[in-house]
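Descriptive analysis of the structure
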Amino acid sequence: MAWPLLVIAALLVTVSLLPGSCADQILPVEEKTMEEAREAMVRLLIAYGVRDEKVIAAMRKVKRHNFLPAGYFSRDAYGDHPLPIGHDQTISQPYIVAYMTERIAPRPGEKVLEIGTGSGYQAAVLAELGADVYSIEIVPELASHSIEALAREGYKCTVKCGDGYQGWPEHAPFSMIIVTCAPEELPEKLVEQLADGGRMILPLGAYSQRLVILRKKGERFITEDDLPVRFVPMIKGTK
Ligand code: SAH
């Protein structure tokens with residue numbers, strides 16, 4: 001009597017492994033794996049000293065793996081390191097994304113300019129915190145990718161393809177500017193487009209870079225040198 005049951009069980013297993021039903025079953029498992037990996041990433045960020053509850057919640061919510069362009073998907077999407085996104089560019093290390101976000105602490109409704117949209121991940125983290133995000137990307141394919149990924153993930157950010165050195169005068173002044181590629185010198189136009197009381201965070205330098213935080217108080221600027229970092233260079237535009 002046990003044999004017919006075994007045959008039926010074997011048939012059921014075989015059917016469930018057929019390609020048609022497979023896709024439906026693998027997808028949730030993959031999402032679950034990604035969710036667990038994201039949770040492990042958040043635990044690591046907390047262990048590294050990220051404290052701001054809102055930033056932690058945003059890092060827990062934004063799906064980093066969904067910001068990797070087609071062909072660059074990685075099972076290690078939540079590893080604490082940069083990942084390639086094509087065109088010699090990378091999506092920043094999660095710790096640096098959380099750290100920079102925490103240092104400039106955007107409040108809901110604040111107007112933020114990001115330079116170097118790349119995958120769109122950092123823009124999504126800022127939008128998750130309620131910021132009104134504007135972002136400029138110089139590589140056309142990455143600009144289109146990030147526009148598509150941000151919309152798919154439900155984030156309303158305004159992205160354009162252009163040269164970040166010019167800033168976005170039509171939308172200035174910004175309460176906050178975050179630069180995710182490294183210029184060798186402080187981009188003047190960005191400083192001009194910072195609101196009074198605003199703050200800017202950027203990696204500065206050629207080979208040896210440091211994060212710099214600049215605060216604008218009336219006519220005065222207060223700069224603070226922070227962590228040593230390594231970002232891709234900020235490409236000089238043609239304009
Ligand atoms: N914030 C991104 C990180 C992208 S890496 C993310 O979360 O994925 C830095 C990005 O800056 C690259 O996509 C690069 O193409 C872009 N970049 C470099 N120079 C630029 C410039 N002058 N203006 C705008 N974007 C620039």
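This is a predicted model, so every value here is computed, not measured. (Residues numbered from 1 in each chain as written. Predicted model: local features only at pLDDT ≥ 70, side-chain atom pairs only at ≥ 80, totals over all residues.)

Observations concerning the site of the ligand
Taken together, 24 residues surround the ligand, and among them Gly116, Gly118, Ser119, Gln122 and Gly164 come closest. Going through the elements one at a time, strand 2 (89-91), helix 5 (121-128) and strand 4 (132-137) are the ones with two or more residues in the shell around the ligand. Counting residues per element, the shell around the ligand draws most heavily on strand 2, which supplies 3 residues. A class-by-class count of the residues in the shell around the ligand yields 12 nonpolar, 10 polar and 2 charged. (Near = placed C-beta within 6 Å. Helix = DSSP H or I, 4+ residues; strand = E, 2+ residues; numbered from the N terminus. Nonpolar A, V, L, I, M, F, W, Y, C, P; charged D, E, K, R; others polar.)

A closer look at the pairing of strand 8 (residues 209-217)
Both strand 7 (residues 194-204) and strand 8 contribute to a ladder of 6 bridges, which runs antiparallel. Residue pairing across strands places Met200 opposite Leu214, the latter belonging to strand 8. Hairpin connection from strand 7 to strand 8: 4 residues lie between these consecutive antiparallel strands, with Gly205 at a positive phi of about 125°. Pairing geometry for strand 8 and strand 9 (residues 220-229), over 8 bridges, is antiparallel. Its bridge partner being in strand 9, Arg215 is matched across the sheet by Ile222. (Pairing = 2+ DSSP bridges.)

Quick notes on helix 6 (residues 140-152)
Between its first and last C-alpha atoms helix 6 spans 18 Å; for 13 residues at 1.5 Å apiece the expected length is 18 Å, and the two agree. Turning to helix 6, its buried residues number three or more, namely Leu142, Ala143, His145, Ser146, Ala149 and Leu150. Across the axial projection of helix 6, the buried residues extend over an arc of 165°, all falling on one side. Opposite the buried face of helix 6, by more than 90 degrees, sit the exposed residues Pro140 and Arg152. Looking at the buried positions of helix 6, the neighbouring elements they touch are strand 1 (83-86), strand 2, helix 5, strand 4 and strand 5 (158-161). (Expected span 1.5 Å × (residues − 1). Buried ≥ 20, exposed ≤ 12 C-beta atoms within 10 Å, placed from the backbone. Arc of directions from axis to C-beta. Contact = placed C-beta atoms within 7 Å.)

So, the nonpolar core
Membership of the largest hydrophobic core comes to 57 residues, with the highest contact counts inside it found for Val112, Ala124, Val125, Leu126, Val133, Ile177 and Ile178. Look past the residues within four positions of Val125 in its chain and what remains in contact with it is Ala58, Met59, Val62, Val97 and Thr101. (Core = buried A, V, L, I, M, F, W, Y, C linked by C-beta atoms within 7 Å.)

Examining unusual backbone geometry
Along the chain, Ala172 connects to Pro173 via a cis peptide bond; the corresponding omega equals 0°. In this structure, Pro173 sits in the loop between strand 5 and strand 6 (174-179). Phi angles above zero are rare outside glycine, and His87 is one such case at about 55°. Residue position: His87 is located in the loop between strand 1 and strand 2. Although it is not a glycine, Ala105 sits at a positive phi angle of roughly 35°. The residue Ala105 is located in the loop between helix 4 (94-104) and strand 3 (111-115) in this model.

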